[in-house]
Amino acid sequence: MRLKISLLKEPKHQELVSCVGWTTAEELYSCSDDHQIVKWNLLTSETNQIVKLPDDIYPIDLHWFPKSLGIKKQTQAESFVLTSSDGKFHLISKLGRVEKSVEAHCGAVLAGRWNYEGTALVTVGEDGQIKIWSKTGMLRSTLAQQGTPVYSVAWGPDSEKVLYTAGKQLIIKPLQPNAKILQWKAHDGIILKVDWNSVNDLILSAGEDCKYKVWDSYGRLLYSSQPHEHPITSVAWAPDGELFAVGSFHTLRLCDKTGVRNVLNDAVDLLEFRDRVIKASLNYAHLVVSTSLQCYVFSTKNWNTPLIFDLKEGTVSLILQAERHFLLVDGGGIYLYSYEGRFISSPKFPGMRTDILNAQTVSLSNDTIAIKDKADEKIIFLFEASTGKPLGDGKLLSHKNEILEIALDQKGLTNDRKIAFIDKNRDLYITSVKRFGKEEQIIKLGTMVHTLAWCDTCNILCGLQDTRFTVWYYPNTVYVDRDILPKTLYERDASEFNKNPHIVSFVGNQVTIRRADGSLVHISISPYPAILHEYVSSSKWEDAVRLCRFVKEQTMWACLAAMAVANRDMTTAEIAYAAIGEIDKVQYINSIKDLPSKESKMAHILMFSGNIQEAEIILLQAGLIYQAIQININLYNWERALELAVRYKTHVDTVLAYRQKFLETFGKQETNKRYLQYGEGLQIDWEKIKAKIEMEITKERERSSSSLSSKNMGLKH
């Protein structure tokens, strides 16, 4: 990305321009020591003087009232705050009318900033005071006071904390009284400017030591620039947190690079657009480009005839792509389009703020849209892509801790769709979007995970874990056989990526990682797990076994074992478990094969995966009461076993007999009141119990064979 700089033959301002503020991607307001406020239109190159300020008002800082979907009347949103050298701040409408002037500080008001909700304004001044005001300009509190001027201020992403300068120090002070203050030495000279991005939660600072620095919200240094020739006087984040600008004497810096190159034949296509390019995304054989007025959709097979449609608002802050469609986020909402340009849906939820949405807090698949809630960061909203309506019965995915990053898997059926997320403890979890009502279905996959990504061609997950790069070749293993999950992983050392790396993409078997210094590193993983996924999704079990025998790796066999159990192919599962030395599981699978009915087999396969409740439900629905009781006995669920026996009035003596045997083995006395009640005066007759069990098994076998023969008769007819 290159900065285009143009100078007018005749300047529109006669004195130094002290502050500027964007209203849209193509409209800018500027204030100058010549007391003029000028509106610039980048599309038409027109400039208009909005207002001439009184001669005693010298502007210092300007900040527009935030746009918000929650505001029904846009009159307040069409205004800005202007701070000046006479100790006042001024609330000015878009048309240039000064709505209110407020005496705020002794000496110049050096900075003023609205919070993200537009409910409060913070000002700082030469008098060293930090003051909080209501949106109408009424003083709420003096947050802090110090002996030196405060040159810059910024709100924290949650609008609950304020960051301000204090000489060479940076200070983060919460609004709550007596809350802990964070303070650290940030520069070797006076700090002139700060900015705190609400999307990535990172802090920028610039000072008279001629350096700019990037910090996290705990005051840890992430990046420090080389010394420049002159002091850094301004820094500002792009709203999406992907880029930032740095200003100094005769210097403006912006670091990023975007281009399109065909790596197959090294051909280069130069794509030219009528308007300024705001955002671009290349994925799933389509390039989506947003300009200030339109959206262009290119197919990688044809760069000459893009599909073009007009945008409601030209400030697109995020483009997400899935195989079938793509998502645009702007200041007004979230919009889903097909690659043919057809509008599909626009999901909404109460209190939705699109200005803070980014690729870590929004995820898109072929059938689902997931959005992390900002008001309650423990919640993820899930929507149907085709309608934009909440998924299922409208339940939310709720976690015990705040969630930092979310990602939907990309392949497979809607009912099998999974979402992975990282919480504030840096633990990685996975859950099914269709079954998130059950707390136990949110399962931990890993710890100390800083960034993650799903593969675009199959459901393989990768992440950076502390000092390791980890690939979960078959994350669904946690639902099938958690014991063998470690055997399905690929791990390698990640120290070469230095501190704070980020996974940019996972395409095919290629993972792209951006290091903190901005450089890109590419990692290739084995192509065989993806081929295995493809075979299994097509039910080519013999090909899958042959592939594993060819590759001869434990990870492949472990993945195949879990995949086979998930798809109820116990013959393949037996081969795979034998290959990784899980002999006890091979024996259990063999015992499943000998069961008399398909319901019993299905129930024991579910038990194998730890789904006890589902196994019991299948048996009860099939009328196999004894088998349902027996699986609870085998698992020592004594309360449930007796409850079923009493409810269905069968095998109470069987349960009592096994309970007595269990207690005798461990030399214990019965203390359970229900067992004492039903066991009173009952004589255990093991011969009679064994005969009843044998009769149940015979009955199940006969019923199974009769249903099979009737099915065969139907086929013959």
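Residues numbered from 1 in each chain as written. Predicted model: local features only at pLDDT ≥ 70, side-chain atom pairs only at ≥ 80, totals over all residues. Heavy atoms only, no water.

Looking at empty space enclosed by the protein
Reasoning step 1: In this structure the tally under the stated criterion is two cavities of 30 Å³ or more.
Reasoning step 2: Each pocket or cavity is described by its volume, and for the largest cavity that value is around 40 Å³.
Reasoning step 3: Lining the largest cavity are L311, K312, V316, L328, D330, Y335 and Y337.
Reasoning step 4: Taken together, the residues of the lining of the largest cavity sort by class into five nonpolar, no polar and two charged.
Reasoning step 5: Here the second largest cavity defines a volume of roughly 30 Å³.
Reasoning step 6: Looking at the second largest cavity, the residues that line it are F349, G351, M352, R353, I356, L357, K372, D373, K374 and A375.
Reasoning step 7: A breakdown of the residues in the lining of the second largest cavity according to their chemical character gives five nonpolar, one polar and four charged. (1 Å grid on protein atoms, 1.4 Å probe; cavity = no way out; pocket = protein on both sides within 12 Å on 5 of 7 lines; lining within 4 Å. Points joined across faces, edges and corners; volume = space filled by probe spheres on them. Nonpolar A, V, L, I, M, F, W, Y, C, P; charged D, E, K, R; others polar.)

A word on the packing of aromatic side chains
Reasoning step 1: Following the criterion strictly, the structure yields 26 aromatic pairs and no others.
Reasoning step 2: On the basis of an interplanar angle of 25 degrees and a centroid distance of 6.3 Å, the ring pair of F349 and F383 is categorised as stacked. Note that F349 is positioned in the loop between β31 (343-345) and β32 (362-364) and F383 in strand β34 (residues 379-384), a separation of 34 residues in sequence. Accessibility assignment for this pair places F349 and F383 in one class, buried.
Reasoning step 3: Taking 5.3 Å as the distance between ring centres and 45 degrees as the angle between the ring planes, the aromatic pair formed by W638 and F662 counts as tilted. With W638 in helix α10 (residues 638-647) and F662 in helix α11 (residues 652-665), the pair connects residues that are 24 residues apart, well separated along the chain. (Phe/Tyr/Trp six-rings, centres within 6.5 Å; stacked < 30°, edge-to-face > 60°. Helix = DSSP H or I, 4+ residues; strand = E, 2+ residues; numbered from the N terminus. Buried < 20%, exposed > 50% of the residue type's maximum accessible area, 1.4 Å probe, protein only.)

Some remarks on the UniProt feature "domain: IFT80/172/WDR35 TPR" (unreviewed entry) in the protein
Reasoning step 1: The UniProt feature table records "domain: IFT80/172/WDR35 TPR" (unreviewed entry) at residues 556-702.
Reasoning step 2: Annotated as 76% helix and 0% strand, the span residues 556-702 places its first and last C-alpha atoms 40 Å apart. (UniProt positions renumbered as here; feature names shortened; annotations may be inferred.)

Focus: the sheet that holds strand β10 (residues 120-125)
Reasoning step 1: The four strands are arranged β9-β10-β11-β12 in an open sheet whose pairing can be described as antiparallel. Looking along the sheet, the strands with just one partner apiece sit at the ends: β9 (109-114) and β12 (139-145). Between one strand axis and the next, the sheet turns through 20 degrees on average, direction left out of account.
Reasoning step 2: Two elements, strand β11 (residues 129-134) and β12, share five bridges in a ladder whose sense is antiparallel. The partner of Q129 across the bridge, within β12, is Q145. (Pairing = 2+ DSSP bridges. Axes fitted to C-alpha atoms, helices over the stretch in contact; angles between N-to-C directions.)

Some words on unusual backbone geometry
Reasoning step 1: The backbone of H35 sits at a positive phi, close to 75 degrees, despite the residue not being glycine.
Reasoning step 2: Looking at the element boundaries, H35 is found in the loop between β2 (27-32) and β3 (36-41).
Reasoning step 3: Notably, C210 is not glycine yet its phi reads approximately 70 degrees, a positive angle.
Reasoning step 4: Tracing the backbone shows C210 in the loop between β18 (202-207) and β19 (212-216).

Observations regarding the confidence of the model for the protein
Reasoning step 1: Predicted confidence across the protein gives a mean pLDDT of 86, with 93% of residues reaching 70 or more.
Reasoning step 2: Of all the helices and strands in the protein, helix α13 (residues 686-716) carries the lowest mean pLDDT, 70, while strand β13 (residues 153-155) carries the highest, 96.
Reasoning step 3: Throughout residues 69-75 the model reports pLDDT below 50, and contacts reaching past four residues in sequence, or to other chains, amount to seven contacts.
Reasoning step 4: Below pLDDT 50 for its whole length, residues 436-440 participates in seven contacts with residues either more than four positions away or in separate chains. (pLDDT = per-residue confidence, 0-100. Contact = heavy atoms within 4.5 Å.)

A look at the packing of helix α2 (residues 528-537) against helix α3 (residues 541-551)
Reasoning step 1: α3 packs onto α2 with a crossing angle of 160 degrees between their chain directions and a minimal axis gap of 8 Å. Looking at the two axes, α2 sits roughly antiparallel to α3. When you trace α2 past α3, the crossing you get is left-handed. Taken together, the residues of α3 that come into contact with α2 (itself represented by Y528, I531, L532, Y535 and V536) are W541, D543, A544, L547, C548, F550 and V551.
Reasoning step 2: Considered class by class, the residues forming the contact of α2 with α3 number 11 nonpolar, no polar and one charged. (Parallel < 35°, antiparallel > 145°, perpendicular 65-115°, else oblique. Left-handed = near helix turned anticlockwise from the far one by under 90°.)

Here's the deal with the layout of surface pockets
The probe, sized like a water molecule, is rolled over the atoms to show the empty space still left.
Reasoning step 1: Empty space within the second largest pocket amounts to approximately 1100 Å³.
Reasoning step 2: In terms of lining residues, the second largest pocket is bounded by 37 residues, among which D416, K418, Y474, N476 and N567 are the most central.
Reasoning step 3: Those elements that provide at least two residues to the lining of the second largest pocket are β38 (428-432), α1 (477-480), α2 and α4 (554-566).
Reasoning step 4: Among the elements that line the lining of the second largest pocket, the one with the most residues is α2, at six residues.
Reasoning step 5: Class assignment of the residues belonging to the lining of the second largest pocket gives a composition of 15 nonpolar, 13 polar and nine charged.

Side note on the side chain of H604
Reasoning step 1: Structurally, H604 is set in helix α7 (residues 598-608).
Reasoning step 2: Those residues in contact with H604, other than ones at most four positions away along the chain, are Y588, I592, L595 and I631.

Digging into the side chain of T488
Reasoning step 1: Assignment of secondary structure puts T488 in the loop between α1 and β43 (489-493).
Reasoning step 2: In this structure T488 comes out as buried when scored by relative accessible area, which is 0%.
Reasoning step 3: Within the local environment of T488, its side chain forms a polar contact with the backbone oxygen of L485, the two atoms lying 2.7 Å apart.
Reasoning step 4: Not counting chain neighbours up to four residues away, the residues in contact with T488 comprise V471, W472, Y473, Y474, T477, T555, A558 and C559. (Polar contact = N/O pair within 3.5 Å; in protein donor to acceptor, adjacent residues only side chain to side chain.)

Quick notes on the sheet that holds strand β45 (residues 510-514)
Reasoning step 1: The strand order across the open sheet formed by three strands is β44-β45-β46, and the pairing between neighbours is antiparallel. Each edge of the open sheet is held by one strand with a lone partner, namely β44 (502-507) and β46 (520-524). Shown here is a sheet whose adjacent strand axes are inclined to one another by a mean of 20 degrees, direction ignored.
Reasoning step 2: As paired strands, β44 and β45 are joined by five bridges and run antiparallel to one another. For V507, the partnering residue across the bridge sits in β45 and is Q510.

Digging into the pattern of salt bridges
Reasoning step 1: Counted according to the given criterion, the structure contains 29 salt bridges.
Reasoning step 2: When the shortest N-O distance is used, the salt bridge between K52 and D55 registers 3.8 Å.
Reasoning step 3: Assessed through its relative accessible area of 44%, K52 is described here as partly exposed.
Reasoning step 4: For R546, the salt bridge goes to D543, with nearest N and O atoms at 2.4 Å. Taken together, the residues span about one helical turn, with R546 and D543 both in helix α3 at a distance of three residues.
Reasoning step 5: When its relative accessible area of 24% is taken as the criterion, D543 is described as partly exposed.
Reasoning step 6: Sharing partners across several salt bridges, the network here consists of D481, D483, K487, E582 and K585. (Salt bridge = Lys/Arg side-chain N within 4 Å of Asp/Glu carboxyl O.)

Let's talk about the nonpolar core
Reasoning step 1: Within the largest apolar cluster, 49 residues are counted, with the highest numbers of intra-cluster contacts made by F469, L532, L560 and Y577.
Reasoning step 2: When residues in this core are grouped by element, the largest group, 10 residues, is from α4.
Reasoning step 3: When near neighbours in sequence (up to four residues on either side) are disregarded, Y577 contacts D481, I484, A561, V565, E582, K585, V586, I589 and F608.
Reasoning step 4: Within the second largest apolar cluster, 21 residues are counted, among which are L606, M607, A628 and V655. (Core = buried A, V, L, I, M, F, W, Y, C linked by side-chain atoms within 4.5 Å.)

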